[in-house]
Every structure is written in C-alpha cells, then in structure tokens.
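Below, each chain spelled out in residue letters.
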Amino acid sequence: MLDDLRALVEFAQAGSIAGAADRLYRTPSAITRQLQRLEAALGAELLDRSVKPPRLNSLGSRVLEQARDLLQRTEAMKSVASRDAEPHGLLRIGLAHALAEGTLIKPIRALTEKYPKVRLRLLSALTGELFNRLLAGELDVAVVFLPEGKTAPSPLLTNIIASDRMEIVQSAAGNIDDDWESLSRAPWVLNPSGCLLRASLIDQMERAGFTPMVAAEIHYNIHLQLALIQSGYGVGLLPARFIARKNCRDTVEVLRPPSFDLRLSVAITRIGQLGALERAVELLEHGIRHLFEAANTTKPVTRSRRREPANRREARPRK
C-alpha cells in the first residue's frame, strides 16, 4: 500500500496522472491502477472523475494528509534502521559497576560531540542485571567484564574490546607476605557478593586451599577501597590501570602469590544490530579500547617485593 499512497501524493503534487507518472518514472496506466487499487483497499472513491483531468475529492484530500504523514514516518523508520544514516536518537548504555568510573567520561563525551543528535541514557548495575535488561529490550548495549575466553549468554552478542589485569595490593607500610596462607589471614577490602572480580579471587584462593577474611564490603567505590588499603585497613583487589593512573607506587605494594593471574575481558554486549546507532557504538568501543591500551594493563604496574618470612626479618640486625 505504501507505493499506492506514494502515487496518491505525487498525483496531488503534480495535478495530473501524467504528471505523477513522470515524477515516479512510470506509465500513466500504472499510476491509474495504483490509485484504483488504493480506492479498493480503502473502500471509497478518492478522485472526482466527473471533471477532466480528475482531481481529489473531499475524502481524498483527508486521506492525502494521512498518506504524507505515514510516508514521512516510514522514511524516519528507515533512517533509524539504516547503518549509513547519521547516528541519531536514544542510545541506552549499561555499565558494569566495576567499569563505571570517571575515565569513561572521555569516550562518552567524544561520542556526543561527534554525533550531537544522539541522546545517551546510562545505567550502572551488576553484569547479570545488565544482561537481563538487554534481553528485556531496556538497554541497547552494555559494557561488562567477562572471564577470559567467556562470552555473554545466548542470544546476546559479545564483542571483546580490551583486557584488564587485577592486582592484589596492600599499604606500602604493610607486612603481609605474598603467599596465599598469609593473605587468608589478612583482612580484605572487596566488592559485595555478586561481583565477578570477587568471585574470581575467591575461586583462585579456594583452589589453593584458603578463603579470604572479608573485613569491608565496599559497594563498587574504587576510590574508597584504595583509601582503606592505603591506610592499612586491609588488602584489596584493584585494577592495574587504576593503580597506574593514581600513581600509587609509593603508597601501595603489589602482592603476587604463586600462580595468581586475574585478567578479565572488557566486552560490549548487545541483543542485535542497532541501525543508525551502529557508528555511535563503534566510536564508544574505540574510545574504551584506547583507555585500556593506554593503561597497558597486560604488564604489572609495580614490582612486587618478595618478602622474607617474618622470623627472618625480625632476626636481621639493624644498621
């Protein structure tokens, strides 16, 4: 019916069937058939054929207004679905709590500056909740942590864009040795239960035969966690990129117990293609990837000091 409505609009614009045929690169008989088909579909005559050339009757004029509006809406719909169109409209982005920090302002601002017709709505939540919101159609994309080699559950699509390295740290003045037994006796500053980072740490400790003693559960406030660790309240788990950016070399010490290696993939997950918003999402992916590449989180940010057993440290003569 859209083609028939378009024939009606062009007929009204040109003032004749021949003129509409020229505008649509069709024959006059083809335009006539389209107008007749439209009248049959609507069950009413739209043209006054008592005059030559025919013209729209009163009902035809009212249908014409609706036809123009419908065709405009159809073009707008095509623009939303077209990857080639300039990105526009609402883009709903979910951020895993562990990734929702100030550095993400840079790629987000870059996106809105390049594509001013895009409006952003941001939501921070646990990864599992973000997946549920994607599946429910409440989010368009989510930026999440995933264990290395893992993807989001089907039918969600996963695009791995970076890798993040986690470090166990204590205050620079701390006296915890970098072995699992010592770490199991130390107080820990961690995210609440449900956090992928916390679960991965506990899994590595339990495989070594130990369990962390949690002294503080800080709800995804990485700055407060760092402050508690620096004050000597306990040991914690922080991203290498964060430690490097905060220039913590003099205030924290990295502890690396045997076989400890905790790396997570940073991924963009979604339910499907986003049409005109695709290029906006690609720009966001590029900006986040650059943040992690600049942090160079594949390498340790500080040197771990291999500690002597406590009895040997105490026995050493003072100079």
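*Asks:* For this particular structure, what's the right way to read the packing of aromatic side chains?
*Replies:* Here the distance between the centres and the angle between the planes together describe a pair of aromatic rings. Evaluation of the coordinates by the stated rule reveals one aromatic pair. Here Trp-180 and Phe-260 contribute two aromatic rings whose centre-to-centre distance is 6.0 Å and whose plane-to-plane angle is 75 degrees, an arrangement assigned as edge-to-face. Taken together, the residues Trp-180 in helix α7 (residues 180-185) and Phe-260 in the loop between β10 (252-255) and β11 (262-270) connect sequence positions 80 residues apart. Both residues of the pair, Trp-180 and Phe-260, belong to the buried class.

*Asks:* So what exactly am I meant to see when it comes to the side chain of Ser-200 here?
*Replies:* Mapped onto the elements, Ser-200 comes out in helix α8 (residues 196-207). Classification of Ser-200 as buried rests on a relative accessible area of 15%. Aside from chain neighbours lying at most four places away, what touches Ser-200 is Leu-262 and Leu-264.

*Asks:* Explain the pairing of strand β5 (residues 141-147) here, please?
*Replies:* Remember that side chains alternate between the two faces of the sheet whenever the strand is regular. Taken across its seven residues, β5 has six buried, putting it largely inside the fold. With three bridges connecting them, strand β3 (residues 89-96) and β5 associate as parallel partners. Across the sheet, residue Ile-93 finds its bridge partner in β5, namely Val-141. Two elements, β5 and β11, share seven bridges in a ladder whose sense is antiparallel.

*Asks:* Would you mind showing me how to read the layout of surface pockets here?
*Replies:* Take a probe with the size of a water molecule and roll it over the atoms, and the empty space left behind shows itself. Of the pockets and cavities examined, the largest pocket occupies roughly 210 Å³. As for the largest pocket, its lining consists of 16 residues, of which Thr-127, Phe-145, Gly-194, Cys-195 and Leu-196 are closest to the centre. Residue assignment for the lining of the largest pocket shows that the elements contributing at least two residues are α6 (127-135), β5 and α8. Counting residues per element, the lining of the largest pocket draws most heavily on β5, at three residues. For the lining of the largest pocket, the class distribution of residues is twelve nonpolar, four polar and no charged. Here the second largest pocket is characterised by a volume of approximately 160 Å³. Lining of the second largest pocket is provided by 15 residues; of these, Ala-98, Asn-191, Tyr-220, Ile-222 and Gln-225 occupy positions nearest its centre. Every element with two or more residues in the lining of the second largest pocket is listed here: α9 (222-230) and β9 (235-239).

Conventions used here
- Residues numbered from 1 in each chain as written.
- Predicted model: local features only at pLDDT ≥ 70, side-chain atom pairs only at ≥ 80, totals over all residues.
- Heavy atoms only, no water.
- Phe/Tyr/Trp six-rings, centres within 6.5 Å; stacked < 30°, edge-to-face > 60°.
- Helix = DSSP H or I, 4+ residues; strand = E, 2+ residues; numbered from the N terminus.
- Buried < 20%, exposed > 50% of the residue type's maximum accessible area, 1.4 Å probe, protein only.
- Contact = heavy atoms within 4.5 Å.
- Pairing = 2+ DSSP bridges.
- 1 Å grid on protein atoms, 1.4 Å probe; cavity = no way out; pocket = protein on both sides within 12 Å on 5 of 7 lines; lining within 4 Å.
- Points joined across faces, edges and corners; volume = space filled by probe spheres on them.
- Nonpolar A, V, L, I, M, F, W, Y, C, P; charged D, E, K, R; others polar.

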